[in-house]
There are 4 protein chains.
Amino acid sequence: MKEQSAQVRWEQHTQRPLLALAVLFAVAYAVPIVDTSAGRSLTAVCTVVEWVVWGVFAVDYLVRLSLARDRRGFVRQHWMDLCAVVLPLIQPLRLLRLVSTLLLVGQRARMASQIRVTTYVAGAVVGLLMFGSLAVLSVERDAPNGNIRTLGDAVWWSFTTMTTVGYGDHAPTTGLGRMVAVGLMLSGIALLGVVTANIAAWFIERFEKDDVEERRQTEAIQALTEEVRELRAEVAALRKTSVGG
Amino acid sequence: MKEQSAQVRWEQHTQRPLLALAVLFAVAYAVPIVDTSAGRSLTAVCTVVEWVVWGVFAVDYLVRLSLARDRRGFVRQHWMDLCAVVLPLIQPLRLLRLVSTLLLVGQRARMASQIRVTTYVAGAVVGLLMFGSLAVLSVERDAPNGNIRTLGDAVWWSFTTMTTVGYGDHAPTTGLGRMVAVGLMLSGIALLGVVTANIAAWFIERFEKDDVEERRQTEAIQALTEEVRELRAEVAALRKTSVGG
Amino acid sequence: MKEQSAQVRWEQHTQRPLLALAVLFAVAYAVPIVDTSAGRSLTAVCTVVEWVVWGVFAVDYLVRLSLARDRRGFVRQHWMDLCAVVLPLIQPLRLLRLVSTLLLVGQRARMASQIRVTTYVAGAVVGLLMFGSLAVLSVERDAPNGNIRTLGDAVWWSFTTMTTVGYGDHAPTTGLGRMVAVGLMLSGIALLGVVTANIAAWFIERFEKDDVEERRQTEAIQALTEEVRELRAEVAALRKTSVGG
Amino acid sequence: MKEQSAQVRWEQHTQRPLLALAVLFAVAYAVPIVDTSAGRSLTAVCTVVEWVVWGVFAVDYLVRLSLARDRRGFVRQHWMDLCAVVLPLIQPLRLLRLVSTLLLVGQRARMASQIRVTTYVAGAVVGLLMFGSLAVLSVERDAPNGNIRTLGDAVWWSFTTMTTVGYGDHAPTTGLGRMVAVGLMLSGIALLGVVTANIAAWFIERFEKDDVEERRQTEAIQALTEEVRELRAEVAALRKTSVGG
């Protein structure tokens, strides 16, 4: 019980700093993509920042693993965290670092209420839109037939993809760009699901028909209680007679 | 309690006039966009009407604020109204005036039943389609590569966007036009959510399986009542014997 | 009560013949559009068939109106039927005759169960796809910039529209064609809503968490019954003693 | 009862081998489409494998039919299995063999929990994406105006279709290709429905308002129990008096 609570306490204390680090990571990821005229030194700084943030997340994973009572169970239960830490080491999957960061922060969100779920989803959508735009821009800008060459086009494309509108005025042409697109599409479907489910849950909660059966039960129980009360009075009267007799 | 009721009474009395003003605003907004041959004087009149309507809404906000018992709470709770009043002052956000008007009227709608929610959503969808068409038309008509140049194309584009169909035969090319498009897309997703949630709520309400457990409970209570009734007869008999003996 | 039942009996008896007439109408509507080499006489026959079917539906409406106990209430409640009968008289709305037929048949469907709702929706979807394809084909074939010129393209376009995929390889260019498209889009959203709601209702029904509270209640009632039974045995023993004493 | 259990035991034992055969079938189906330079002998081997797998599924159907207690009921209840076995015999419907295999394996999945349903849907989606890509590629590659000529384009097109994004940068032009597309679109709508329903069911389950009525019932039952207990004490006292007297 104590180890468990140590792990929980660790996760509670590190939640805010890690979120700040994730924002820092996003900035470091965005700068060299958006600012094409960025010098070599700025790009180098950003790369260092990215790796430092990754390192902190990796250390955090190891600390949580060491604090866990059942380590095998922890690895099995938090396999997404493990993927998020290990995958960015492979160079072509560098794109995934931002997703990893999102996941690592997301795993922490203790979902307690419908409002919090919705907030988290809204945050994830904004994060994914930003990530999708930047990732597609960095990949498609140099593609020979690419048609997403400015940040504006990339953001616009992300929106048309995530809402499943898909005009087709801009579309990725490279393999990596299309993988990002698939991610955005699936997120968009999830987003639509969450929005619909939210409204449906609210409707059903609000307009649920009153349960007639239950009210009838309550009345039956009350009638029965009345019955027993009269019985008790009768027995009390009987007792008086019996004692008196 | 009295201030609260003064605020509520104010909102009830102003609801219809403000709705009429909103329609007037929409007309004044639409005329110079649709009628490109409109003279300078007509355009000027429309601009004046727009600003007068905005002024009335601003005054209404101030009156409600002054009638509110807890003014800080009012500002915090009605921050959307504040945005709707303040934002149109910035010139490039002039487009938002129509959205603001929609929001200000919408905030008044007291959602009381599923039918009213659905009516409100249908109204909002029609309003947004009209607003989206006009806004995109006014922005894209003068864009060098724009392909939305007539009211017909604008309305058609709004429908393909809001239903997330997105043929791509017409698509905005300017930043402002794309912001309008994003608004329509998000509204479309919300619309889809409301439609689905409505049907789901209706289905679940209608076809909910009879609760077996509950019927068993009712039977158990009836059996118990029978038991108690027999007990009472027994005690009555006992009393007769006892008195007789 | 008797007039009401006369109306209901009429509706039950006329349901199947009217459905057959609707199918006949659909065939008469489709033939001149699909078979462009159809001679004048065939087209004339089809037009006659269309008008005869419309006439039967109009007569049916009048009979139902005359059988209704509360005629004002009938008109108000069945305003869609009235529109469906009156609108096709206006020539440019000739397209609506097929929709009217669908509506008139659909109004009859007594929705009794989730399965029947789903069947009705599936039927409506097939009917709308057929209607949408034919209507768009007849309108767009002669448009100068039209790109829907064969039945195959029209059906394909209907599917991409109703499922909100919207590739944009084919899209209507005329006002009437676009109105048909908007109808298909909205039907598509409704279709998606029905599909989702169906699955959601099935999930919620199936995986509803066992109500722990209710099971505890049942146990409490059983324990109470046991208690009362022992009490009764006690009173019976008391009675024996009392009589014996 | 025994025949029933024989059928069930057969289905349990054959589930895993049939799944493996389905994967083998998918590989044999994919190889000649993906590897265009595949020699005649490899293609022949794949065709043989396809037919052997089909034969095993046909035999499995016959065994299940012979083990079934009520054979007419079995055929009527499992008409999808029958279609899946019979349809691929018609040459132009060769494409359906993969769908058939999916269906035959899918029918086996005993849906026991929300998680299993979701797993099954995810599996079906992956299978359909793979099938859609391969089928469209094999059909469109040789079409004169086709624009889906590589496996990458086919997979990309499948994703844009199933998520209903539909950029339109790639779209099938042949009748068969479009039929595959319609299948993917409908699957996409079903997928969206399952995702949304899942989230909605989870929300409703989780955030269902506490049933006030039920808590009041529990209290009523407890009060009643207290009443009966006191009654019993009274009767016990009465008995003592009676015996003592």
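The name an unreviewed UniProt entry assigns to chain A is Ion channel, from the organism Streptomyces doebereineriae. Under the UniProt heading Subcellular location (unreviewed entry), the note attached to chain A is "Membrane".

### What about the overall build of chain A?
Along chain A, the regular secondary structure elements total nine helices and zero strands. Going from the N terminus to the C terminus, chain A shows its helices and strands as α-α-α-α-α-α-α-α-α. Looking at the 245 residues of chain A, the share that counts as buried comes to 44%. For chain A, long-range pairs separated by at least 24 residues make up 62% of all intrachain contacts whose partners lie at least 6 apart in sequence. Accessible surface for chain A amounts to roughly 12,300 Å². Of this, 64% is attributable to carbon and sulfur atoms.

### Regarding the pattern of salt bridges
In this structure the tally under the stated criterion is eight salt bridges over all chains. We note a salt bridge from Arg178(B) to Asp153(A), for which the minimum N-O separation is 2.9 Å. Taken as a pair, Arg178(B) in helix α8 (residues 175-207) and Asp153(A) in helix α7 (residues 151-162) lie in two separate chains rather than in one. Residue Arg178(B) is classed as buried on the basis of its relative accessible area of 12%.

### So, the side chain of Ser133(C)
On the secondary structure map, Ser133(C) appears in helix α6 (residues 114-140). With near-sequence residues (within four places) excluded, Ser133(C) lies in contact with Ala154(C), Val155(C) and Ser158(C).

### Some points on the packing of aromatic side chains
All names here are of chain C. Applying the stated criterion to the full structure yields 15 aromatic pairs over all chains. On the basis of an interplanar angle of 75 degrees and a centroid distance of 5.5 Å, the ring pair of Trp 51 and Trp 54 is categorised as edge-to-face. Of the two residues, Trp 51 and Trp 54 both sit in helix α2 (residues 40-67), three residues apart, roughly one turn of that helix. With a relative accessible area of 19%, Trp 54 lands in the buried category. Aromatic pair Trp 156 and Tyr 167: ring centres 5.6 Å apart, planes at 20 degrees, arrangement stacked.

### Concerning the side chain of Thr160(A)
With respect to the helices and strands, the residue Thr160(A) is situated in helix α7. Leave out the neighbours within four places in its chain, and Thr160(A) touches Val165(A), Gly166(A), Tyr167(A) and Met185(B).

### Structural notes on the environment of Val52(D)
Residues and elements named next belong to chain D. Among the structural elements, Val 52 can be located in helix α2 (residues 40-67). Judged by its relative accessible area of 48%, Val 52 is partly exposed. As a C-alpha pair, Val 52 and Phe 25 span 27 residues in sequence and 9.0 Å in three-dimensional space.

### So, the confidence of the model for chain A
On average, residues of chain A score 77 in pLDDT, and 76% of them are at 70 or above. Averaged over each element, pLDDT in chain A is lowest for helix α5 (residues 96-108) of chain A (57) and highest for α7(A) (92).

### Some remarks on the environment of Val86(D)
Residue position: Val86(D) is located in helix α4 (residues 79-86). Given the relative accessible area of 42%, Val86(D) is considered partly exposed.

### Thoughts on a nonpolar patch on the surface
Taken together, Val34(A), Leu151(A) and Val155(A) make up a surface patch of nonpolar side chains, about 200 Å² in accessible area. Mapped onto the secondary structure, Leu151(A) falls in helix α7.

Analysis parameters
- Residues numbered from 1 in each chain as written.
- Chains lettered and ligands numbered in written order.
- Predicted model: local features only at pLDDT ≥ 70, side-chain atom pairs only at ≥ 80, totals over all residues.
- Heavy atoms only, no water.
- UniProt positions renumbered as here; feature names shortened; annotations may be inferred.
- Helix = DSSP H or I, 4+ residues; strand = E, 2+ residues; numbered from the N terminus.
- Buried < 20%, exposed > 50% of the residue type's maximum accessible area, 1.4 Å probe, protein only.
- Contact = heavy atoms within 4.5 Å.
- Areas by Shrake-Rupley, 256 points an atom, 1.4 Å probe, with all protein chains shown as cover.
- Salt bridge = Lys/Arg side-chain N within 4 Å of Asp/Glu carboxyl O.
- Phe/Tyr/Trp six-rings, centres within 6.5 Å; stacked < 30°, edge-to-face > 60°.
- pLDDT = per-residue confidence, 0-100.
- Patch = residues over 30% accessible without salt bridge, like charges linked within 9 Å, V, L, I, M, F, W, Y side chains within 5 Å.

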